[in-house]
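# Structural description and commentary
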Amino acid sequence: MATPRSPSIRNLFIAAVLLLLIHGVSCFYLPGVAPEDFEKGDELKVKVNKLTSTKTQLPYSYYSLPFSRPENILDSAENLGEVLRGDRIENSPYVFKMREPQMCSIVGRIKLDAKEAKDFKEKINDEYRVNMILDNLPLVFPIQRQDQESPVVYQMGYHVGLKGQYTASKDEKYFIHNHLAFTVRYHKDMQTDAARIVGFEVKPFSVKHEYEGNWNDKNTRLTTCDPHAKHMVVNSNSPQEVDEGKEIIFTYDIEFQESEVKWASRWDAYLLMSDDQIHWFSIVNSLMIVLFLSGMVAMIMLRTLYRDISKYNELETLEEAQEETGWKLVHGDVFRPPKNSDLLCVYVGTGVQFLGMVVVTMMFAILGFLSPSNRGGLMTAMLLLWVFMGLFAGFASTRLYKMFKGTEWKRIALNTAVMFPATIFALFFVLNALIWGQKSSGAVPFGTMFALVFLWFGISVPLVFVGSYVGFKKPAIEDPVKTNKIPRQIPEQAWYMHPAFSVLIGGILPFGAVFIELFFILTSIWLNQFYYIFGFLFLVFIILLITCAEITIVLCYFQLCSEDYLWWWRSYLTSGSSALYLFLYSTFYFFTKLEITKLVSGVLYFGYMLIVSYAFFVLTGTIGFYACFWFTRLIYSSVKID
């Protein structure tokens with residue numbers, strides 16, 4: 001008997017789940033790193049990261065351009081996800097002292113040769129941005145919206161330079177941002193004099209610096225920017241041109257501003273979606289439409305099935321000698337193993353592996369463990385979870401294989417462990433070779449490649465075999481009805497029940513459930529924006545599960561009613577076809593939202609989206625397959641069959 005506390009415990013659990021979802025929607029996260037307190041005068045280490053461009057999607061290391069350098073360039077330790085993202089974090093010549101403003105500090109001077117000028121012009125032309133990090137916070141460029149009441153929007157980093165024309169001249173020139181006005185925001189402790197950094201902003205300027213006398217490194221006195229004369233840089237009226245033989249002097253200002261924002265909330269401004277109202281409206285609209293359709297489909301299916309089962313059982317009770325009709329007619333063939341059943345088992349096992357990875361990753365994200373301060377944490381978590389979910393992949397594939405009366409479980413285990421990853425790895429290797437050919441920092445080094453191969457063959461493959469062994473040792477799944485020895489002939493089908501047509505129709509609804517969220521995900525990936533509203537994503541994922549299951553069950557029911565019992569592969573392809581629409585939508589997004597013009601960048605985009613679409617096919621196909629598998633077993637075990 002349940003104790004009197006049970007309802008309250010249940011209510012508390014439901015309330016906790018809802019609270020987590022709400023927090024997930026509103027950018028809930030754990031800080032991920034311990035806070036660091038800085039006293040006045042403490043040294044602040046500014047680090048530089050990769051140069052990024054939404055036009056080329058090819059990152060480059062900061063020092064691939066001839067910026068001023070420190071005496072020794074030191075690489076920061078990076079996790080697997082950071083390396084795969086192309087991050088290259090290094091120290092910089094910028095030196096800050098906590099809460100000690102500086103004006104017109106000289107970083108260094110360079111004189112451009114032909115190659116350096118060409119490199120700068122190429123990066124400016126491709127709209128590359130410089131990324132920096134201070135106390136694990138990325139550098140941002142604040143942009144005030146036209147609506148003054150709206151919060152400030154932040155863009156990651158600042159442009160290397162810009163293109164423009166002098167007054168009364170038609171020649172286009174290239175100008176470099178060589179003066180940076182930094183603003184460091186800090187939150188001061190009320191009891192102590194210590195402070196924590198909560199913001200790192202920049203306003204870049206292009207200034208043709210001039211100086212008195214001979215150059216004397218950082219002790220040179222500039223006439224264009226003089227702290228003694230209180231002469232600050234406030235505009236770019238006299239910009240620094242980029243050309244061969246031009247002398248460029250790099251300078252910076254640093255200002256410290258006290259902020260009310262606490263350290264634990266310092267990422268909120270970064271994670272604020274610029275179009276959150278549209279996002280809310282779109283998600284709620286999609287949610288209501290899909291839930292309404294799901295309710296209608298469920299109601300129709302339940303009423304129709306209940307009537308069918310009642311009629312069939314009533315006929316058996318009255319022993320009426322009537323010919324069987326509808327889906328009951330194919331009971332002797334419905335569980336006949338399909339063609340290429342081994343391949344189906346492999347794909348189902350791979351789909352289970354993906355499903356497990358996605359669910360666990362999303363739960364970690366909703367609970368706030370995948371902090372934005374832990375760069376590359378999401379990708380690292382997904383890779384490790386994929387590897388360890390190989391246990392369930394092997395179990396699922398061999399369980400299905402044994403039901404099909406298979407005996408060579410080791411072959412199935414090997415195919416499950418190798419086939420899908422090998423396809424992805426081969427495509428990834430080709431794309432990586434293209435990136436390497438462009439000398440981009442996004443190219444994965446040999447050591448990281450070796451680590452990926454080790455995770456695959458050293459951990460994932462053995463776990464797949466362990467899962468397969470356990471799955472094959474369990475008793476085979478028994479069919480609810482016996483299978484005839486001779487296959488029944490399938491009658492000619494109506495045009496709308498043709499496999500190709502029904503499969504293509506089946507993928508529309510699952511895609512419709514996710515395409516709005518897909519826009520935001522693609523924007524975060526390809527336009528270098530933060531995506532951290534996993535509460536929305538979790539709701540969309542639940543909708544995706546429901547729609548994949550229901551549309552597959554409905555079309556499977558119609559197929560069986562028309563006496564076509566070849567449902568195994570069609571159930572997988574029906575919901576899996578949503579991946580086709582995903583790829584078509586990514587093509588539409590490429591031509592309407594991105595400004596990619598280079599061939600290599602376009603190949604990279606479509607290559608990576610092909611990998612994503614393939615993974616989505618495996619995931620949604622497996623959901624649809626298991627829904628149909630459960631459905632057919634349920635209905636055929638509910639009727640009396642001689």
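In case you missed it, the structure is sitting above this.
All of these numbers come straight from a predicted model, not from anything done at the bench.

Turning our attention to the layout of surface pockets. If you add up the space inside the second largest pocket, you get close to 460 Å³. For the lining of the second largest pocket, the secondary structure elements donating two or more residues are strand E1 (43-52), strand E2 (90-97) and strand E3 (102-111). At six residues, the largest contribution of residues to the lining of the second largest pocket is made by E2.

Take Gln240: it is sitting in the loop between strand E12 (195-205) and strand E13 (247-258). Classification of Gln240 as buried rests on a relative accessible area of 3%. Dropping the residues within four chain positions of it, Gln240 is found in contact with Tyr174, Phe175, Ile176, Asn178, Ser206, Val207, Lys208, His209, Lys246, Glu247 and Ile248.

Looking now at the packing of helix H6 (residues 341-366) against helix H8 (residues 390-403). Between H6 and H8, whose axes approach to 7 Å, the crossing angle comes to 150°. Between H6 and H8, the crossing angle belongs to the class labelled roughly antiparallel. For the crossing formed where H6 meets H8, the hand is right-handed. For the pair H6 and H8, contact is made by Asp342, Cys345, Val348, Gly349, Val352 and Gln353 and by Gly390, Phe392, Ala393, Ala396, Ser397, Leu400 and Tyr401, respectively.

The next subject is empty space enclosed by the protein. Under the definition given, this model contains four cavities of 30 Å³ or more. Approximately 40 Å³ is the volume found for the second largest cavity. What lines the second largest cavity is Tyr62, Phe67, Tyr94, Tyr158, His177, Asn178, Leu180, Phe250 and Thr251. Here the lining of the second largest cavity is composed, by residue class, of six nonpolar, three polar and no charged.

To continue, consider the packing of aromatic side chains. In the structure shown here, the tally under the stated rule is 48 aromatic pairs. Taking the centre distance of 4.6 Å and the plane angle of 15° together, the rings of Tyr62 and Phe67 count as stacked. Its relative accessible area of 1% is what places Tyr62 among the buried residues. Taken together, the ring pairs in this structure connect Phe404, Trp567, Trp568, Phe625, Tyr626 and Phe629 into an aromatic cluster. The ring centre of Tyr60 lies 4.4 Å from the NZ or CZ of Lys123, which sits over that ring. It is Lys123 that lies over the ring of Tyr128; its NZ or CZ is 5.6 Å from the centre.

Criteria and cut-off values
All residue numbers here refer to positions counted from 1 along the written sequence of the relevant chain. Since the coordinates come from a predicted model, pLDDT governs what is reported: local features require at least 70, and pairs of side-chain atoms require 80 or more to be given and counted, while whole-chain, interface and lining totals use all residues. As a rule here, side-chain values cover all heavy atoms of the structure and leave hydrogens and water aside. Two kinds of site are reported from a 1 Å grid over the protein atoms alone, namely cavities, where a 1.4 Å probe fits but cannot get out, and pockets, open sets with protein on both sides within 12 Å along at least five of seven lines, and residues are called lining when an atom falls within 4 Å of a point. Grid points are joined across faces, edges and corners, and a volume is the space filled by probe spheres set on the points. Where helices and strands are cited, they refer to DSSP runs of H or I of at least four residues and of E of at least two residues respectively, numbered from the N terminus. Burial status follows relative accessibility: with a 1.4 Å probe on protein chains alone, a residue under 20% of its type maximum counts as buried, one over 50% as exposed, and anything between as partly exposed. Any pair of residues with heavy atoms lying within 4.5 Å of one another is described as a contacting pair. For helices, the fitted axis covers only the stretch in contact; all axes are lines through C-alpha atoms, and the angles between them, taken along N-to-C directions, range from 0 to 180 degrees. Note on terminology: angles under 35 degrees are roughly parallel, angles over 145 are roughly antiparallel, angles of 65 to 115 are roughly perpendicular, and the others are oblique. For any helix crossing, the convention is left-handed if the near helix is rotated counterclockwise from the far helix by under a right angle, and right-handed if that rotation is clockwise. Amino acids outside the nonpolar list (Ala, Val, Leu, Ile, Met, Phe, Trp, Tyr, Cys, Pro) and the charged list (Asp, Glu, Lys, Arg) are all regarded as polar, and Gly is one of them. The pairing test for Phe, Tyr and Trp rings, Trp by its six-membered ring, is centres within 6.5 Å, and the orientation test on the planes gives stacked under 30 degrees, edge-to-face over 60, and tilted for anything in between. Each ring is checked for a lysine NZ or an arginine CZ that lies within 6 Å of its centre and within 35 degrees of its normal; such an atom marks a charge sitting over the ring.

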